[in-house]
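# Fold and geometry: a report
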Number of protein chains: 2
Amino acid sequence: MAGEETGILQEAYPMKEEDREMAAEETGIPQEAYPMKGGDGHYSYAKNSTHQRKGIDFAKELIKAAIAEKLDKEILFSSKTFRIADLGCSVGPNTFFAVQNIVEAVESKYQHCQGLNSQIPDFQVFFSDHTANDFNLLFTSLPNDRRYYAAGVPGSFHGRLFPKDSLHFVHSSYAVHWLSRVPMEVVNKKSRAWNKGRIHYSSSGDEVFLAYKAQFDKDIEQFLQARAQEIVCGGLMALIVPGIPNGTHHSQNGSSMNFELLGSCLMDLARKGMVSEEKVDSFNIPTYQLSPQELEAAVERNGCFSIEEIEDLHVPVPSHSGEYKINGQVAASHLRAVMEGIIKQHFDEKILDVLFDCYRKKFDEIDFSIFKSGKVNNFFFLLKRKAMNQATG
Amino acid sequence: MAGEETGILQEAYPMKEEDREMAAEETGIPQEAYPMKGGDGHYSYAKNSTHQRKGIDFAKELIKAAIAEKLDKEILFSSKTFRIADLGCSVGPNTFFAVQNIVEAVESKYQHCQGLNSQIPDFQVFFSDHTANDFNLLFTSLPNDRRYYAAGVPGSFHGRLFPKDSLHFVHSSYAVHWLSRVPMEVVNKKSRAWNKGRIHYSSSGDEVFLAYKAQFDKDIEQFLQARAQEIVCGGLMALIVPGIPNGTHHSQNGSSMNFELLGSCLMDLARKGMVSEEKVDSFNIPTYQLSPQELEAAVERNGCFSIEEIEDLHVPVPSHSGEYKINGQVAASHLRAVMEGIIKQHFDEKILDVLFDCYRKKFDEIDFSIFKSGKVNNFFFLLKRKAMNQATG
């Protein structure tokens, strides 16, 4: 492959359209296919991402502490511009809260290093997401009182997005669990991993789970390889990722259960003849709930980063009451903001209302029982780009 | 002003919405208000910018020569990343041709400097335009075989858009003649510069022209001040700007005549009662056709750049025959791609079809006579950021 020969991943020299279509045919889903719902309408991600906002809020203090304690002073004074990237930023407002927190923490670190008598540098923030992301909305939503120069970067984070050694802090929340594609085997009727009648691996056999896991391992390898080239030595990367605790079975997870519920609605639609069963068989959601161990193993294989911190953010599970309450309507809107694109692409726009109405009803009927039995874990990982000799040594 | 105190222009710390609205009320047109027509439809800029493409084609060899002869070797080897910005890029494809030409010229320069045995650096290209530009279309149109990392930067080039000393080559074509706003006096009934019944200064009295000129002088000052901070010492800036030759009267210009024709159509609509005459009186197109002397004077006032080159590109005037032929239909589509946004904002979307149909008919009727008598000049300016001691000395 040309990418391997030159040491530059595909995204830097993106695929030709024909190759992209071929890849798409293999998997049934093109590589860059599932941006969050754009615009500012009722079902938009902008208005339906309070759960993801929770994670960012819970990670806030961890990121501040990380910058105060783990960001080398050399990083601060090595460049006139401090460059930050948020990968999988979507359309806002969540990305703006996260970035603001990072900028403030770095500013405060500069102010603490007064001995060096230096000026606070300019900040440049790169908001990055799939090309199909609604960047127009992102740009019109940029905070007026921001203290940074903003740029949008389109493309998949499974490949290179930035010049070599150009980033000082990378942030990514609720994004790395998205796979670059549906694993090929799970949509192949002849494969033992064919995922008939289901849309995720949660309640499937081991073959399906292992196909997903293999895809995740490949994707996280590409992700880390690209970031290792883009982040300066000593630079930090904070990842907020929904996942499962070490040693937990993948079926014991709230997010997976959520997909199971959505899958059962799709099968209801198939029974009613609104979609073909075959179409449901060939539909799979390309996300993977990692365990901390899996990320640790990937980081070790990559060799360019040290893991500085792993925390469970203990984001509360939504409940019917309390500060963080939820019902079928809210849950359906949140899920729709995330899933509408991928469902529209595979099925037809027409099924959206019926599908999410079915989901809403089932969600209210089951009264959270399946979610209560499962767990929702959101992990915070802090990685540091090792110095050259450490990385190769 | 806060901007002046901190040395950072307003765009870096954008105005609050209230301030923006106040500024808008003063002029009748908000500061960032006239992106080229987005999308890929019949009247889109993407499909109606062959005239602007001509200018880029005619400047191609000049830019190659500029990079070969005028770009200091120190610039090439001072950073791992070579950063290029295209200001007023619109949605493509023109910006991609321009940027590709620059990247190839810089690559070729690196290859000539083999003695230094260095690797070609990564290229990062910033595509910048108003926030209201259709960046979604720009991003999906990015060439697949590009050899650079792409980013979009929203905002007005009359303010800061990039960190200090971060750009090596700035390009801008058919953009700098756009003013940041309509000069206040020309929409003020009490002013001697009130531009009643006209939409540009072309056939107006001196007061109107001078109000436009004053606005241009202010805008080009802000433009150069911002770029002086963003471009590294020794970095280059290439500007392609429609203008008029030194010593020519502003009425003797094809572009101005074009606006006169459009203005006469608006007055026709007023006579038919489709728009109010008052509405036409308060509508003015915020563009200014500069002369090379005016740019030279602005560069001198600014003090941070040297002018390395001024050329008339001798882009042929469109004709009925030959390679570069045009008729009312084509002329109307081109003008609509550029003007639709600003007209929609001031009047109503409903008048667009009638207005440009009127323009098309008049254009065909007059058989180019007014354009033939005028001239269309497109200037190429090459500026170089002086070294610090030169700039302050």
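The subject of this paragraph is the overall build of chain A. If you tally the helices and strands in chain A, you get 14 helices and 7 strands. Taking all 393 residues of chain A together, the buried fraction comes to 59%. Total accessible area on chain A is roughly 16,200 Å²; 49% of this is exposed by carbon and sulfur atoms.

This part takes up the pairing of strand S7 (residues 377-385) of chain A. All names here are of chain A. For S7, the buried fraction is high: 9 of the 9 residues fall into the buried class. Alternating positions in S7 separate into two faces, Asn377, Phe379, Phe381, Leu383 and Arg385 on one and Asn378, Phe380, Leu382 and Lys384 on the other, with burial throughout. Across 8 bridges, strand S5 (residues 231-243) lies against S7 in antiparallel orientation. Its bridge partner lying in S7, Leu239 is registered against Phe381.

Bringing the environment of Asn195 of chain A into the picture now. Residues and elements named next belong to chain A. Here Asn195 lies in the loop between strand S4 (167-173) and helix H7 (206-230). Asn195 sits in the buried class, given a relative accessible area of 1%. As for Asn195 and Phe283, which are separated by 88 residues in sequence, their C-alpha atoms are 8.9 Å apart. Not counting residues up to four positions away in its chain, the partners in contact with Asn195 are Val186, His200, Tyr201, Ser204, Val208, Asp281 and Asn284. Within the structure, the side chain of Asn195 is placed 2.7 Å from the side chain of Ser204, a separation counted as a polar contact. A polar side-chain atom of Asn195 sits 2.8 Å from a polar atom in the side chain of Asn284.

A few words now on unusual backbone geometry. Residue and element names in this part refer to chain A. Omega for the bond connecting Gly92 with Pro93 falls within 30 degrees of zero, at 0°, which places this linkage in the cis form. If you trace the backbone, Pro93 turns up in the loop between strand S1 (81-87) and helix H5 (94-112). The backbone of Tyr174 sits at a positive phi, close to 55°, despite the residue not being glycine. Here Tyr174 lies in the loop between S4 and H7. Take Tyr174: its relative accessible area is 11%, and that puts it in the buried class.

Residue and element names in this part refer to chain A. Topologically, Ser156 is positioned in the loop between strand S3 (149-154) and S4. On the basis of relative accessible area, Ser156 is assigned to the buried category, the value being 6%. Side-chain polar atoms of Ser156 contact the backbone nitrogen of His158, separated by 3.0 Å.

Glancing now at the packing of helix H8 (residues 254-271) of chain B against helix H11 (residues 328-346) of chain B. Residues and elements named next belong to chain B. For the pair H8 and H11, interaxial distance at closest approach is 13 Å and the crossing angle is 55°. Judged on the interaxial angle alone, H11 and H8 are oblique. H8 and H11 meet at a crossing whose hand is right-handed. Counted together, Asn258, Phe259 and Leu262 of H8 and Leu335, Met339 and Ile343 of H11 form the full contact between these two elements.

Residue and element names in this part refer to chain A. At Met339, helix H11 (residues 328-346) shows its maximal kink, close to 60°. Where burial is concerned, most of H11 is hidden: 14 out of the 19 residues are buried. Structurally, the start of H11 carries an N-cap: the backbone nitrogen of Gln329 is 3.0 Å from a side-chain oxygen of Asn327.

Glancing now at the packing of aromatic side chains. Evaluated as defined, the whole model comprises 33 aromatic pairs over all chains. Look at Phe139 of chain A and Phe135 of chain B: their rings are 4.8 Å apart centre to centre, the planes differ by 90°, and that puts the pair in the edge-to-face class. With Phe139 of chain A in helix H6 (residues 135-141) and Phe135 of chain B in helix H6 (residues 135-141), the pair connects residues from two separate chains. Each member of the aromatic cluster is reached from another via a ring pair, and the members are Tyr201, Phe209, Tyr212, Phe216 and Tyr288 of chain A.

A separate point is the state of the cysteines. Counting across every chain of the model gives 0 disulfides over all chains. Of all cysteine sulfurs, the one in Cys304 of chain A lies closest to Cys233 of chain A, which takes part in no disulfide; the gap is 8.6 Å.

Following the sequence through the fold, Asp134 of chain A ends up in the loop between strand S2 (122-129) and H6. Reaching out from Asp134 of chain A, the side chain makes a polar contact with the backbone nitrogen of Asn136 of chain A at a distance of 3.4 Å. Once residues within four sequence positions are removed from consideration, Asp134 of chain A is found in contact with Gly38, Gly39 and Val91 of chain A together with Asn136 of chain B.

Turning to the pattern of salt bridges, a few remarks are in order. Residues and elements named next belong to chain A. One pass over the full model with this rule turns up 44 salt bridges over all chains. Measuring nitrogen to oxygen at the nearest pair gives 3.4 Å for the salt bridge that ties Glu277 to Lys196. Taken together, the residues Glu277 in helix H9 (residues 277-281) and Lys196 in the loop between S4 and H7 connect sequence positions 81 residues apart. The exposure class of Glu277 is partly exposed, given its relative accessible area of 41%. According to the relative accessible area criterion, Lys196 is partly exposed, its value standing at 41%.

Residues and elements named next belong to chain B. In terms of burial, strand S3 (residues 149-154) is a largely internal element, 6 of the 6 residues being buried. Alternating positions in S3 separate into two faces, Tyr149, Ala151 and Val153 on one and Ala150, Gly152 and Pro154 on the other, with burial throughout. With 6 bridges joining them, strand S2 (residues 122-129) and S3 adopt parallel strand pairing. Across the sheet, Phe127 pairs through a bridge with Gly152, a residue of S3. Handedness of the crossover joining S2 and S3 through H6 is recorded here as right-handed.

Here we take up the confidence of the model for chain A. Taken residue by residue, chain A gives an average pLDDT of 83. The fraction at 70 or more is 82%. Low pLDDT, under 50, characterises residues 1-32 of chain A; the predicted model gives this stretch 59 contacts beyond four residues in sequence or across chains.

Right, let's talk about the environment of Asp57 of chain A for a bit. Tracing the sequence through the fold places Asp57 of chain A in helix H3 (residues 50-70). A C-alpha to C-alpha distance of 9.4 Å links Asp57 of chain A and Asn94 of chain A, two positions 37 residues apart in sequence.

Moving on, we come to the environment of Phe157 of chain A. Residue and element names in this part refer to chain A. Residue placement: Phe157 occurs in the loop between S3 and S4. You can call Phe157 buried: its relative accessible area is 10%. Distance in space between the C-alpha atoms of Phe157 and Val176 is 8.6 Å, their sequence separation being 19 residues.

Residue and element names in this part refer to chain A. Closest axis-to-axis distance for the H11/helix H12 (residues 351-366) pair is 9 Å, and the angle between their directions is 145°. Considering only the axes of H11 and H12, their crossing is right-handed. Contacts from Gly328, Gln329, Ala331, Ala332, Leu335, Arg336, Met339, Glu340, Ile343 and Lys344 of H11 reach H12 at Ile351, Leu352, Asp353, Leu355, Phe356, Tyr359, Arg360, Phe363 and Asp364. Among the residues making up the contact of H11 with H12, the classes are represented as 11 nonpolar, 2 polar and 6 charged.

Conventions used here
- Residues numbered from 1 in each chain as written.
- Chains lettered and ligands numbered in written order.
- Predicted model: local features only at pLDDT ≥ 70, side-chain atom pairs only at ≥ 80, totals over all residues.
- Heavy atoms only, no water.
- Helix = DSSP H or I, 4+ residues; strand = E, 2+ residues; numbered from the N terminus.
- Buried < 20%, exposed > 50% of the residue type's maximum accessible area, 1.4 Å probe, protein only.
- Areas by Shrake-Rupley, 256 points an atom, 1.4 Å probe, with all protein chains shown as cover.
- Pairing = 2+ DSSP bridges.
- Contact = heavy atoms within 4.5 Å.
- Polar contact = N/O pair within 3.5 Å; in protein donor to acceptor, adjacent residues only side chain to side chain.
- Axes fitted to C-alpha atoms, helices over the stretch in contact; angles between N-to-C directions.
- Parallel < 35°, antiparallel > 145°, perpendicular 65-115°, else oblique.
- Left-handed = near helix turned anticlockwise from the far one by under 90°.
- Bend = angle between axes of the 7 residues up to and from the residue.
- Phe/Tyr/Trp six-rings, centres within 6.5 Å; stacked < 30°, edge-to-face > 60°.
- Disulfide = S-S within 2.5 Å.
- Salt bridge = Lys/Arg side-chain N within 4 Å of Asp/Glu carboxyl O.
- Right-handed = clockwise from strand over helix to strand, strands pointing away.
- pLDDT = per-residue confidence, 0-100.
- Nonpolar A, V, L, I, M, F, W, Y, C, P; charged D, E, K, R; others polar.

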